[in-house]
Amino acid sequence: MADVTEIDYTTDPPTVTERDFTDAERAQIAADAQAAVDAAAAAEAKAVADAAARAAVLERLGLTEDEVVVLLGGVS
Amino acid sequence: MPVKINGSTSGSVTLAAPATGSDVTLTLPAATGTAATTANVTSAVAPMGLVAVAPTSIANSGGSASLSNYTVSFSGVSSVSLNGVFSGDYDNYRVLVTLTGAGADNNTVNFRLRSAGSDSSANYTVTGYQSFSGGLSNQSDISVNQFGPINTSTTTNAIVTMSADVFGPNASRYTAIHSLGLTHNATAVFVKSNTVSHAVASAYDGFTAYCAVTFTGTISVYGYKK
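Residues numbered from 1 in each chain as written. Chains lettered and ligands numbered in written order. Predicted model: local features only at pLDDT ≥ 70, side-chain atom pairs only at ≥ 80, totals over all residues. Heavy atoms only, no water.

In terms of helices and strands, chain A carries two helices and two strands. Scanning chain A from its N terminus toward the C terminus, one meets helices and strands in the order β-β-α-α. In terms of overall dimensions, chain A has C-alpha extents of about 75 × 25 × 20 Å along its principal axes. Per-residue burial for chain A yields a buried fraction of 11% across its 76 residues. If you average the places of the 5 positive and of the 16 negative side-chain charges in chain A, the two averages end up 10 Å apart. (Helix = DSSP H or I, 4+ residues; strand = E, 2+ residues; numbered from the N terminus. Buried < 20%, exposed > 50% of the residue type's maximum accessible area, 1.4 Å probe, protein only. Lys, Arg positive; Asp, Glu negative; His and termini not counted. Charge placed at Lys NZ, Arg CZ, Asp CG, Glu CD.)

Structure (structure tokens):
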């Protein structure tokens, strides 16, 4: 099965063409996949760092997560 | 039999009945005026505002896609491209996207401008605001080369929609895009509001929607007629 199906509606009936990805398209797909992996890793690293920073602040203040919720009026 | 009325100096008007047909009555208005021609009427009442635009061609990877009644429908694709929707006919355009299914939750469907069958994959600057119902919201500059992401959903009856206004895509100057995406799936409600500048002074005739997982839905494009 071809990678890409193209339908040209300027002809009557429409012309259907099937082809494989070009080298440029393959490279772009690989780059997109890598970018998604990198973004997920960055988001996870930020979440871990944020959690650690939050825990450090709570420890310094001597508060629990539940107490913070109470202080913020139910918003955490 | 025609009735011919001659002008006082030159020219004439001929009233002619169709050669065949039933008996009909043409009643003239009870006021002085000048009759409008068909061209006058078309010019006077041609709609302004949003006018549906059909792509000259579409391309999809995986699944299937088709065009019907100015709407591109696709099922199980990893990308779908609309060619020939942006032209000199209109300066600005509106793109409406509705997704009804996906291969997995919370992958983002992204969009890229396209010209002569090739995507433009660089020079986008995205400044966005994202919120979701878990209570967290972020505002940030997003250094990714796309516009208008929306989260996918596998949830039955979920809401996955995006609208985007595209400013001057077919002009040889930078293109601006304002997009708003809403997803309500089993995880949360996601809102992604982005402004995008595409800093390439070239004309584009279409765009591609793509995702790491397959997706299903429809895309409609409208031109803003002046």
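Still to come is the rest of the account.
Below, the discussion takes up the interface of chain B and chain A. Contacts between chain B and chain A engage 14 residues on the former and 11 residues on the latter. When the two sides are added together, the surface that chain B and chain A hide from each other amounts to roughly 1000 Å², 46% of it contributed by carbon and sulfur. Its largest share of buried area at the contact with chain A, chain B owes to T56, I58 and N60 of chain B, together 33% of the area lost on that side. Counting across the interface, chain B meets chain A through one salt bridge. For D32 of chain A, the salt bridge identified is with R112 of chain B, shortest N-O distance 2.7 Å. For the pair chain B and chain A, the number of links is eight residue pairs in polar contact (both at pLDDT 80 or more). Broken down by element, the side of chain B that touches chain A gets its largest block of residues, five residues, from strand β4 (residues 57-61) of chain B. (Contact = heavy atoms within 4.5 Å. Buried area = accessible area lost by both parts, 1.4 Å probe. Salt bridge = Lys/Arg side-chain N within 4 Å of Asp/Glu carboxyl O. Polar contact = N/O pair within 3.5 Å; in protein donor to acceptor, adjacent residues only side chain to side chain.)

Turning to helix α1 (residues 23-61) of chain A, a few remarks are in order. Between its first and last C-alpha, α1 of chain A extends 57 Å over 39 residues, near the 57 Å set by a 1.5 Å rise per residue. Among all positions of α1 of chain A, only E25, D32 and L58 of chain A are buried. If you follow the buried residues of α1 of chain A, they end up packed against β2 (15-19) and α2 (65-71) of chain A together with β8 (108-115) and β16 (206-225) of chain B. Of the residues one or two after α1 of chain A, G62 of chain A is the one with positive phi, at around 75 degrees. (Expected span 1.5 Å × (residues − 1).)

On to the environment of A52 of chain B. All names here are of chain B. Counting through the fold element by element, A52 comes out in strand β3 (residues 49-53). Taking the C-alpha atoms as reference points, A52 and G206, 154 residues apart in sequence, are found 14 Å from one another. Once you skip the residues sitting within four places of it in the chain, A52 turns out to touch Y70, V221 and Y222.

So, about unusual backbone geometry. In the segment running from D12 of chain A into P13 of chain A, the intervening peptide bond is cis, with an omega of 5 degrees. Checked against the element boundaries, P13 of chain A lands in the loop between β1 (4-8) and β2. Not every positive phi belongs to a glycine, and A116 of chain B is a case in point at roughly 50 degrees. A residue is classified by how much of its surface remains accessible, and A116 of chain B, at 68% relative accessible area, is exposed. Of note in this structure, N123 of chain B is not a glycine but carries a positive phi near 70 degrees. Here N123 of chain B shows up in the loop between β9 (118-119) and β10 (124-132). Residue N123 of chain B is classed as partly exposed on the basis of its relative accessible area of 43%.

A separate point is the packing of aromatic side chains. Working definition: an aromatic ring pair is given by the centre-to-centre distance plus the angle between the planes. All names here are of chain B. Within the structure shown, the criterion is met by five aromatic pairs over all chains. Seen from their ring centres, F111 and F207 are 6.3 Å apart, and the 55 degrees between their planes marks the pair as tilted. Note that F111 is positioned in strand β8 and F207 in strand β16, a separation of 96 residues in sequence. Per residue, the accessibility class of F111 equals that of F207, and both read buried. Among the aromatic side chains, those forming a connected cluster through ring pairs are F86, Y90, Y93, F111 and F207. (Phe/Tyr/Trp six-rings, centres within 6.5 Å; stacked < 30°, edge-to-face > 60°.)

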